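Residue strings, one per chain:
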Amino acid sequence: VLLAVAVGAAGALAGGVVASALRDFDDPAGLAAAIEHDPLVRVAEIPAADGAAARGIYAQATSTGHLCLWEAPSPTSRRRQGGCNDLDDPLAGEELSFSLAYEGGPATRSVREARVFGLASSAVARVQVLMSDATRRDVPIRETAALGIGGTAYASFAYRFGARDLARGVGPVAVIALDAQGAEIDRQTTGFGG
Amino acid sequence: MSKSIVAVRVAGALVLVWLAVASVAIAGETIYAGPRQWSPNAGAGSAFSGSWLANRFATYGSGYDKAVTFIDNKTYSWHNTLRNRSGYTETFAPPAPMVKKGHCVSYDLGFWGSCAVR
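Residues numbered from 1 in each chain as written. Chains lettered and ligands numbered in written order. Predicted model: local features only at pLDDT ≥ 70, side-chain atom pairs only at ≥ 80, totals over all residues. Heavy atoms only, no water.

## Remarks on the overall build of chain A
Regarding its fold elements, chain A presents three helices and twelve strands. Looking at the 194 residues of chain A, the share that counts as buried comes to 49%. Pairs at least 24 apart in sequence give 50% of the contacts found in chain A among residues at least 6 apart. Total accessible area on chain A stands at roughly 8700 Å², and carbon and sulfur atoms take up 55% of it. (Helix = DSSP H or I, 4+ residues; strand = E, 2+ residues; numbered from the N terminus. Buried < 20%, exposed > 50% of the residue type's maximum accessible area, 1.4 Å probe, protein only. Contact = heavy atoms within 4.5 Å. Areas by Shrake-Rupley, 256 points an atom, 1.4 Å probe, with all protein chains shown as cover.)

Right under this line is the structure:
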């Protein structure tokens with residue numbers, strides 16, 4: 001019986017260590033809990049098109065010190081998708097940060113709907129998407145007071161890809177940031193079709 | 001078999017079960033991959049269920065290309081896929097009665113992260 005107690009105590013200690021290590025791993029569980037409750041602010045929208053409903057783009061500064069950007073039907077909807085970075089570096093050191101959302105796949109030809117949304121630094125004047133047929137799409141971009149973080153302004157952008165493009169296998173290859181002079185200052189691949 | 005040996009075996013089994021639960025179910029999450037190091041095109045999946053609500057991929061640091069999605073158990077299509085380089089990436093589950101599993105995939109090399117459903 002003493003051995004059983006000793007084994008139990010050792011197990012409890014080991015389990016505590018495992019749980020603690022997972023919590024300390026940038027605390028994803030803590031962030032997951034925070035995003036359930038912290039308020040969202042609408043910063044952009046993706047209009048309805050091709051039979052798909054409109055979606056809002058929402059920023060969320062969490063109590064855990066992160067800035068999240070979500071796409072969702074409404075600020076209270078749990079049908080949201082997006083990502084979070086540290087509040088003091090929401091673009092992860094780049095000029096822009098974006099998410100690619102799509103339905104269908106994994107093969108490119110079976111993707112039925114796709115959108116891109118993200119944040120850009122104040123140095124970015126235009127955002128374009130390079131498509132797999134070498135054409136470019138201009139993405140609406142707008143600055144918003146809701147994204148003035150620590151005295152630094154950010155702009156948001158969002159775009160829905162045309163159903164006709166997707167049906168013929170044309171998808172987004174890269175998201176490109178241009179400055180006010182039209183010079184390319186950032187380019188990030190989407191991996192779409194890759 | 002003596003009673004003490006039976007007690008030890010029962011206690012050991014309970015500890016193993018408890019350890020498993022403690023390591024994968026924290027704050028309502030079920031961790032199905034990692035924390036571990038990832039390589040390009042490495043993927044992982046949760047169990048199939050009709051009740052999953054969300055799927056997330058968290059990394060230590062940001063800037064790593066990765067995706068989260070749900071895969072149904074009939075056509076094995078991807079649903080609500082979200083791909084980015086954020087430190088925390090999350091998508092929502094298709095509604096019940098669809099039976100689906102959370103799936104996460106890495107497109108980058110040499111970063112640490114974990115995937116979980118809730």
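Next comes the rest of the write-up.
## Let's talk about the sheet that holds strand β6 (residues 78–84) of chain B
In any sheet, the strands associate via hydrogen bonds between backbone groups, in a parallel or an antiparallel arrangement. Pairing in this open sheet of eight strands is antiparallel, and the strands run β9(A)-β10(A)-β6(A)-β5(A)-β6(B)-β5(B)-β8(B)-β3(B) from one edge to the other. In the strand order of this sheet, the two ends are held by β9 (141–143) of chain A together with β3 (43–45) of chain B, each with one partner. Averaged over neighbouring strand pairs, the angle between their axes works out to 15 degrees when direction is ignored. In terms of strand pairing, strand β6 (residues 111–121) of chain A meets strand β10 (residues 154–160) of chain A through seven bridges, oriented antiparallel. Paired with leucine 119 of chain A across the two strands is serine 156 of chain A, which belongs to β10 of chain A. (Pairing = 2+ DSSP bridges. Axes fitted to C-alpha atoms, helices over the stretch in contact; angles between N-to-C directions.)

## Section: the state of the cysteines
One pass over the structure, following the stated rule, counts two disulfides over all chains. Sulfur-sulfur distance for the disulfide between cysteine 68 of chain A and cysteine 84 of chain A comes to 2.1 Å. On the sign convention where negative means left-handed, the S-S torsion of about 105 degrees between cysteine 68 of chain A and cysteine 84 of chain A marks this disulfide as right-handed. With cysteine 68 of chain A in strand β3 (residues 66–72) and cysteine 84 of chain A in strand β4 (residues 81–86), this residue pair connects regions lying 16 residues apart in the sequence. For cysteine 68 of chain A, a relative accessible area of 0% corresponds to the buried category. The disulfide partner of cysteine 104 of chain B is cysteine 115 of chain B, and the gap between their sulfur atoms is 2.0 Å. The sign of the 100 degrees torsion about the S-S bond sets the cysteine 104 of chain B-cysteine 115 of chain B disulfide as right-handed. With cysteine 104 of chain B in strand β8 (residues 100–106) and cysteine 115 of chain B in strand β9 (residues 111–117), the pair connects residues that are eleven residues apart, well separated along the chain. (Disulfide = S-S within 2.5 Å.)

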